[in-house]
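As a plain string of letters, each chain reads:
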Amino acid sequence: MMSSSRSSLAFWLRLVLVAFIFAALEIYGRFYADPAFMSPPSGIFRAFVERILPEPKIIEALFLCVLQIAAAYGLSILFGTLTGLLVGATSFSRSAFFPIVLLLFAIPQVSLLPLVILFFGLGPAAKIAFGFSHGVFPIIMNVVAGMRDVKELHLRAARSMGASRSETIRHVILPHAVPSLFTGLRLGMTMTLLGVILAELYVSTGGVGYYTRLFAENYNPAPLFALIGCLAVIAILFNELVRLAEKRLTPGLRRSAALTNLVKE
Amino acid sequence: MDRSNFATRSIQISFLAVLAGAWWLATETGSISRLFLPQPRAVYAAAERLVQTAAFWSAVSVTLMTIAKAFLIAMIAGIIVGYLVTRTRLATQVIEPIISGLFTIPITLFFPMFILFFGIGTGSKVAYGATYAFFPIALNTIAAFSNMDERYLRAARSMGAGRWQTFRHILLPGALPVLMTGMRIGFFICFASVLGGETISSVAGVGRNIAHAAELMESARMYAWIVFVICTSVTLNLIVYAFENRIRNR
Amino acid sequence: MSESAISIRNVSQRYGDAGAPDSVLALDDISLEVRKGEFVCLLGPSGCGKSTLLNVIGGLFKPTSGMCHVAGRLVDGSPHPDKIAFVFQESTLFPWYSIIENFRIALKFQGIPQSEWDDRAMQALKAVGMSSFASHYPDQLSVGMRQRVNMARGICVETDILLMDEPFAALDEQTRMVLGEDLSQLLAATGKTIVFVTHSLAEAVFLSDRIVVMSARPGKIKTIIDVNEAHPRSPDFMLEPRFSELRNECYALLRDEIRSTMAAQRDPQSAGA
């Protein structure tokens, strides 16, 4: 009881803190800042209503961005889970293939961005490909890690009950990997968002990247911030979706809170 | 080397060999346009020419300086903020979720703002890289200091440890492994985000050179740059892991 | 032997504000004298406040009311590392320091001059037969070895009083007995005053001069049992009929307490506040 009243106190204090930051930004933006660089939150909201909403091309670009994220994420889940299961299936396949995954993961993908654009063109395909190549690794790595960390005692218990190799995988190893899979899915979403956004910003001839560049070069901070705000909201909604799915599908399992590590250590 | 170890190694080596062979074969037979994928020897020649130019070294030094500055700022700010936040339980509960929540949004979104505030030069990349790397460092610092086992603190107190002694001999060494993890993650995020920032919008640096080569369709030069970046990054990874293992195992 | 080393007068400890629904009275008006060189066990069901009492004596907790004097000095919520050493469970060896460094740091915290650190550490390690493991890290030792080292760490600071908070709880039965024997010999050799918290009946009878049996919620002294047996004690003591009589006596005293505590854990509603 003490702890729950304490965490709700923390929640309200957090809300107050965030409100305070917004108020400070409002005051600073309205009275002190150079309007070529800064806009108060109220100005950003006005720009959202007046400059973003009535512009069908911007709305279309945002919508396309959502579709690209969804497609890249779907591919990441499919390919990442399958690859993870194959790599993690036996200790031999893990020691043979996991170092290859780690090696590929160590490549700074952003250096390949111009190459990806060269291969896939300026359209959605490049953005989906770049989002996918970012999102797939955390999923593979966490599926493998989840299957690896199964407790020796559980394996021995299953064997003592007469479980076959496939039954052991089906009833012990896979269920054990589920929480870790969801950690991978959460991180995979964050990375997919990163990949798609990077590609969007790089291609400045169309899509969201065109408008961010346009507003930034014309020193038009209010619509720029409003557009970034829209993308941030999209990112938050996608993250929440994954979190809700996790809560729904893994009842009673403790979610690992670490968001900072790409792999559960 | 036992047999399964030998088998796994040969699988890994043949993977790399097949990759290299496929590259060579695809370009020799002309089944893929050399504009997209130049021949290995063309990339090698381009790389040789590249390292002899002064422009190469000036681009590398611009990028390295940018990464160094950004990482230094992120490290100092991340550790100080992280440590201060853990001084009370309430502050940890209030502030930690804000930082970890922000970190799930790609900070890249805000990159146009950095360009707006700091211009197209290196300043915006330093700020962007520092901001991105701040989050994992601060979050790991918070985790490192707030997960301290209460029993160690009580034992130290019973032995008469003072405040500074408790920090120096209990809190700091206990937190060090997680702090190191935070700095490793922060460093590589810093590395990638500076490169990314340079690629998207800048006037100098390694990322800019890759993008520039791509714009001019000089694929051999672009690949030479990419190979350089990949080799640097893999080497850095190996160094950092070896360093970390050394500290862990003493 | 009649000189008082620890004197506890009317000590009460309450967690949370009095009257609040989640407030717990952990200790209720405890008074106890511990003589110099005596080995006293605090025995009771879990949650009876025996660890709380130990922490009050050691100055780690400030009692809500009452007073505690150690060697004539008032202990009021701040530790006296020159007079009192704590031995916790084996896991309080700092894992980031080697065994010898663990000793050095304890001596440094206590304010002992650096020139004495290594001599005293090695002496204490020799006393428990662990001197060849000085440069190992705690992770490299077994649980039993770690507890030996941990005991030695408490001894090397050379205080008159040793407070031990269930030090053997994580050990297996055989290791416990061997370490108990060591402890008994040590007591005979050094004449330290020891207060020892345990929930093991055999341990309490084997080690103690007096057993303080406590009742749970609120923690009170139920009775004090004298064990008239000189230190050092040999394992043969455990075979004597007197040993089992004493152990049974303790069990009879504790049985009802343990049952009521367990009932309260099963069904918090029926136990009342």
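Residues numbered from 1 in each chain as written. Chains lettered and ligands numbered in written order. Predicted model: local features only at pLDDT ≥ 70, side-chain atom pairs only at ≥ 80, totals over all residues.

Describing helix α6 (residues 122-146) of chain B
Residues and elements named next belong to chain B.
Right, so step 1: For α6, with 25 residues, the first-to-last C-alpha span of 36 Å sits near the 36 Å given by 1.5 Å per residue.
Right, so step 2: Remark: the principal bend of α6, roughly 30°, maps to F134, with a proline, P136, within the next four residues.
Right, so step 3: Judged by how many residues are buried, α6 sits mostly within the fold: 23 of 25 residues are covered. (Helix = DSSP H or I, 4+ residues; strand = E, 2+ residues; numbered from the N terminus. Expected span 1.5 Å × (residues − 1). Bend = angle between axes of the 7 residues up to and from the residue. Buried ≥ 20, exposed ≤ 12 C-beta atoms within 10 Å, placed from the backbone.)

Some thoughts on the domain arrangement of chain C
Interface size is often expressed as the accessible area that is lost when the parts come together.
Residue and element names in this part refer to chain C.
Right, so step 1: Here chain C is partitioned into domain 1 (1-83 + 160-238) and domain 2 (93-158).
Right, so step 2: The C-alpha centroid of domain 2 is placed 24 Å from the C-alpha centroid of domain 1.
Right, so step 3: Across the contact, 11 residues belong to domain 1 and 11 residues belong to domain 2.
Right, so step 4: At four residues, helix α5 (residues 173-190) tops the list of elements feeding residues into the side of domain 1 that touches domain 2.
Right, so step 5: Residue composition of the side of domain 1 that touches domain 2, by class: eight nonpolar, one polar and two charged. (Domains from an automatic or database assignment. Contact = placed C-beta atoms within 7 Å. Nonpolar A, V, L, I, M, F, W, Y, C, P; charged D, E, K, R; others polar.)

So, the packing of helix α3 (residues 114-127) of chain C against helix α4 (residues 143-156) of chain C
For any two helices packed against each other, the geometry is given by the interaxial angle and the distance between the axes.
Residue and element names in this part refer to chain C.
Right, so step 1: Their axes nearest at 9 Å, the elements α3 and α4 cross at an angle of 135°. By the angle between their directions, the pair α3 and α4 is classed as oblique. Regarding α3 and α4, the two cross each other, and that crossing is right-handed. Residue-level inspection shows R120, A121, A124, L125 and A127 of α3 in contact with α4, the latter providing A152, I155 and C156.
Right, so step 2: Along the lines of polarity and charge, the residues of the contact of α3 with α4 split into seven nonpolar, no polar and one charged. (Axes fitted to C-alpha atoms, helices over the stretch in contact; angles between N-to-C directions. Parallel < 35°, antiparallel > 145°, perpendicular 65-115°, else oblique. Left-handed = near helix turned anticlockwise from the far one by under 90°.)

Here's the deal with unusual backbone geometry
All names here are of chain C.
Right, so step 1: Although it is not a glycine, N10 sits at a positive phi angle of roughly 50°.
Right, so step 2: With 13 C-beta atoms packed within 10 Å, N10 lands in the partly exposed category.
Right, so step 3: At D29, a residue that is not glycine, the phi angle is positive and equals roughly 55°.
Right, so step 4: Along the chain, D29 turns up in strand β2 (residues 24-35).
Right, so step 5: D29 gets classed as partly exposed once you count the C-beta atoms within 10 Å, which come to 15.

Observations regarding the interface of chain C and chain B
Right, so step 1: If you look at the interface, chain C gives 15 residues, while chain B gives 15 residues.
Right, so step 2: With four residues, the single largest contributor to the side of chain C that touches chain B is helix α2 (residues 99-110) of chain C.
Right, so step 3: Residue composition of the side of chain C that touches chain B, by class: 10 nonpolar, five polar and no charged.

Quick word on the sheet that holds strand β9 (residues 210-215) of chain C
Residues and elements named next belong to chain C.
Right, so step 1: If you trace the six strands from one edge of the open sheet to the other, you get β6-β7-β8-β3-β9-β10, paired in mixed fashion. Two strands in the sheet have a free side with no partner beyond their single neighbour: β6 (84-87) and β10 (220-226). Taken pair by pair, the neighbouring strands of this sheet meet at an average axis angle of 20°, ignoring direction.
Right, so step 2: Pairing between strand β3 (residues 39-43) and β9: four bridges, direction parallel. (Pairing = 2+ DSSP bridges.)

Some details on the interface of chain A and chain B
Right, so step 1: Tallying the contact residues gives 42 residues for chain A and 47 residues for chain B.
Right, so step 2: For the side of chain A that touches chain B, the elements supplying multiple residues, two or more each, are α1 (2-32), α4 (91-106), α5 (113-120), α8 (165-202), α9 (207-217) and α10 (221-249) of chain A.
Right, so step 3: Per-element accounting of the side of chain A that touches chain B gives the leading share, eight residues, to α10 of chain A.
Right, so step 4: Considered class by class, the residues forming the side of chain A that touches chain B number 33 nonpolar, eight polar and one charged.

Quick notes on the domain arrangement of chain B
Right, so step 1: For chain B, the assigned domains are domain 1 (1-30) and domain 2 (38-249).
Right, so step 2: A separation of 32 Å is found between the C-alpha centroids of domain 1 of chain B and domain 2 of chain B.

Examining the environment of R153 of chain C
All names here are of chain C.
Right, so step 1: Summarising the element assignment, R153 is placed in helix α4.
Right, so step 2: Taking the number of C-beta atoms within 10 Å as the measure of exposure, R153 has 26 and is therefore buried.
Right, so step 3: As for R153 and L107, which are separated by 46 residues in sequence, their C-alpha atoms are 9.0 Å apart.

A short note on the sheet that holds β2 of chain C
All names here are of chain C.
Right, so step 1: Strand order in this open sheet of four strands is β2-β1-β4-β5, and the pairing throughout is antiparallel. The sheet is open, and its two borders are formed by β2 and β5 (73-74), each paired with just one other strand.
Right, so step 2: Pairing analysis gives five bridges linking strand β1 (residues 4-15) to strand β4 (residues 65-70), with the strands arranged antiparallel. Looking at the pairing, I6 lines up with V70 of β4.

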